[in-house]
Amino acid sequence: MNNTIIVGIDFSDCSLNALSHAVTIAEKSNSNIVMVWVHRLTNEKDIVPKDQELIIYGAKQHFEELIKKYTPILGENNISYVIKQGRVYEEIQTLCEELDPMMLVIGTHGITGFSERWVGSNAYRMTLLVSVPVITIRGGVDVNTTISKILLPIDSTAETRQKLPLTALLAKYFNATIQVLAVYTSDYKSIKAKVDSYVKQVVKYLESNEIQYVVDSVRTTDLAEDIIKYAAEIDANLISIMDEQEKTALNFFTGSYAMQFVTKSPYPILISHSKNIYSTISKN
């Protein structure tokens, strides 16, 4: 993993909002930004080569304007762009494999471009295909990019703790508070004890790295809905989850909880994968 953030761009307001969030993270983390636009023809027979050249030329002009806008903010960090042609998810997956970025940031709804391929289950499918953490931002999210409070739900799955290092790293960059939320999906004492044990480990980690935190708990039968509601109550800027949370009878019918977060949350969602294990951040 290197200090690069890839941002999916289709020049819609949604993707530009995602870029604004990514630039803020890049500024704090001393990272480079790589914007990627995937040109996909809807009907090759209806578009002549000259039209394609004009479309690509227009994309390059837009990219140059974005580079001019954000270069002063990023300072010594670099902002560049890549133009691909093909299937959006395949091209971005390949780029992630090539660059091994810190994360991918995408908008999940827009007026054009990604709106047809990213919103809903397609956006969730992208988070599964790439091997790096993904931040998804729905259209209509406040452009305020400050991260001051991160909601970190902890459930009874062993994987739930693997999102902690990256979440803590972001908190460190922004001097943010992590709201640790013990999530009880069952009244069984053994399940509650496991969640409590994981929360204690999380607290120990945060204290050792001098990160501000608050601990709370919630009993839920609808994990995604209740966590999103809790995020509203505490005015969270980011919700950190794994690519899958606990499995219950409910999400058998409504779809995975991660997919529900992507499609329903008005807050940016940081999705980590169970195979992404980050080294412990050192104390200052």
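Here the structure is a predicted model, which is why all the values come from computation and not from measurement. (Residues numbered from 1 in each chain as written. Predicted model: local features only at pLDDT ≥ 70, side-chain atom pairs only at ≥ 80, totals over all residues. Heavy atoms only, no water.)

Enquirer: Any chance you could break down the overall build of the protein chain for me, citing the residues and the numbers?
Expert: Across its full length, the protein chain holds 10 helices and 10 strands. Buried positions account for 52% of the 284 residues belonging to the protein chain. Counting every atom, the protein chain has about 13400 Å² of accessible surface; 49% of that belongs to carbon and sulfur. (Helix = DSSP H or I, 4+ residues; strand = E, 2+ residues; numbered from the N terminus. Buried < 20%, exposed > 50% of the residue type's maximum accessible area, 1.4 Å probe, protein only. Areas by Shrake-Rupley, 256 points an atom, 1.4 Å probe, with all protein chains shown as cover.)

Enquirer: Describe the sheet that holds strand β6 (residues 149-154), and please don't skip the residues or the numbers.
Expert: Ordered by their spatial adjacency, 10 strands build an open sheet running β3-β2-β1-β4-β5-β10-β9-β6-β7-β8, and the pairing between neighbours is mixed. Looking at the sheet topology across the chains shown, the edges are occupied by β3 (79-85) and β8 (213-219). The mean inter-strand angle of the sheet, taken between neighbouring strand axes irrespective of direction, is 25 degrees. In this structure, β6 lies alongside strand β7 (residues 177-184), joined through 6 bridges in parallel fashion. (Pairing = 2+ DSSP bridges. Axes fitted to C-alpha atoms, helices over the stretch in contact; angles between N-to-C directions.)

Enquirer: Describe the packing of helix α6 (residues 164-174) against helix α7 (residues 189-208), naming the residues involved and giving the relevant values.
Expert: Interhelical geometry of α6 versus α7 gives an angle of 35 degrees and a closest axis separation of 11 Å. In this structure, the crossing between α6 and α7 has a hand that is right-handed. Contact with α6, carried on its side by Leu164, Pro165 and Ala168, involves Val202, Tyr205 and Leu206 of α7 and no other residues of that element. Taken together, the residues of the contact of α6 with α7 break down into 6 nonpolar, no polar and no charged. (Left-handed = near helix turned anticlockwise from the far one by under 90°. Contact = heavy atoms within 4.5 Å. Nonpolar A, V, L, I, M, F, W, Y, C, P; charged D, E, K, R; others polar.)

Enquirer: Talk me through the side chain of Thr136; I want residue IDs and the actual numbers.
Expert: Mapping Thr136 onto the fold places it in strand β5 (residues 134-137). The exposure class of Thr136 is buried, given its relative accessible area of 2%.

Enquirer: Before we move on, can you summarise helix α1 (residues 13-29) with the specific residues and values?
Expert: Given 3.6 residues per turn, any residue in an α-helix points the same way as the ones three and four places further on. Here α1 contains 17 residues, and its C-alpha end-to-end distance of 24 Å stays within 8% of the 24 Å for a straight helix at 1.5 Å per residue. Among the 17 residues that make up α1, 13 are buried, leaving the element largely enclosed by the rest of the structure. (Expected span 1.5 Å × (residues − 1).)

Enquirer: Can you lay out the pattern of salt bridges for me, pointing to particular residues and giving the numbers?
Expert: On inspection of all chains with the given rule, the structure shows 2 salt bridges. Between Glu90 and Arg87 there is a salt bridge, with the nearest N and O atoms lying 3.9 Å from each other. For Glu90, a relative accessible area of 34% corresponds to the partly exposed category. Here Asp187 and Arg219 are joined by a salt bridge, their closest N and O atoms 2.9 Å apart. Of this pair, Asp187 sits in the loop between β7 and α7 while Arg219 is found in strand β8, placing the two residues 32 residues apart along the sequence. (Salt bridge = Lys/Arg side-chain N within 4 Å of Asp/Glu carboxyl O.)

Enquirer: Can you break down the packing of aromatic side chains residue by residue, with the values?
Expert: Summed over the entire model, instances satisfying the criterion amount to 3 aromatic pairs. A centroid spacing of 6.2 Å and a plane angle of 50 degrees characterise the contact between Phe11 and Trp37, whose relative ring orientation is tilted. Highlighted residues: Phe11 in the loop between β1 (4-8) and α1 and Trp37 in strand β2 (residues 32-39), separated in sequence by 26 residues. The exposure class assigned to Phe11 is partly exposed, which follows from its relative accessible area of 22%. (Phe/Tyr/Trp six-rings, centres within 6.5 Å; stacked < 30°, edge-to-face > 60°.)

Enquirer: So what about the side chain of Thr177? Which residues, and what values?
Expert: Tracing the backbone through its elements, the reader meets Thr177 in strand β7. A relative accessible area of 18% places Thr177 in the buried class. The residues touching Thr177, leaving out its near neighbours within four places in the chain, are Ser148, Lys149, Ile150, Gln212, Tyr213 and Val214.

Enquirer: Tell me about the environment of Ile135, residues and numbers included.
Expert: Locating Ile135 in the fold gives a position in strand β5. It is 8.7 Å that separates the C-alpha atoms of Ile135 and Ala18, two residues lying 117 residues apart in sequence. Not counting residues within four places of it along the chain, the set of residues in contact with Ile135 comprises Ile25, Met103, Leu104, Val105, Ile106, Pro268, Ile269 and Leu270.

Enquirer: Break down the nonpolar core for me, citing the residues and quoting the values.
Expert: Ile5, Leu19, Ile25, Ile33, Met35, Val105 and Leu206 are the most contacted members of the largest nonpolar core, which totals 50 residues. Setting aside anything within four residues of it in sequence, one finds Leu206 in contact with Leu164, Ala168, Ile178, Val180, Ile211 and Tyr213. Of all hydrophobic cores here, the second largest spans 20 residues; its members include Leu223, Ile234, Ala236 and Ala258. (Core = buried A, V, L, I, M, F, W, Y, C linked by side-chain atoms within 4.5 Å.)

Enquirer: I'd like to hear about the packing of α1 against α6, residue by residue, with values.
Expert: The N-to-C vectors of α1 and α6 enclose an angle of 80 degrees; their axes lie 9 Å apart at closest approach. Between α1 and α6, the angle is such that the two are roughly perpendicular. Taken together, the residues of α6 that come into contact with α1 (itself represented by Thr24, Ile25, Lys28 and Ser29) are Leu170, Tyr173 and Phe174. Among the residues forming the contact of α1 with α6, the class breakdown is 4 nonpolar, 2 polar and 1 charged. (Parallel < 35°, antiparallel > 145°, perpendicular 65-115°, else oblique.)

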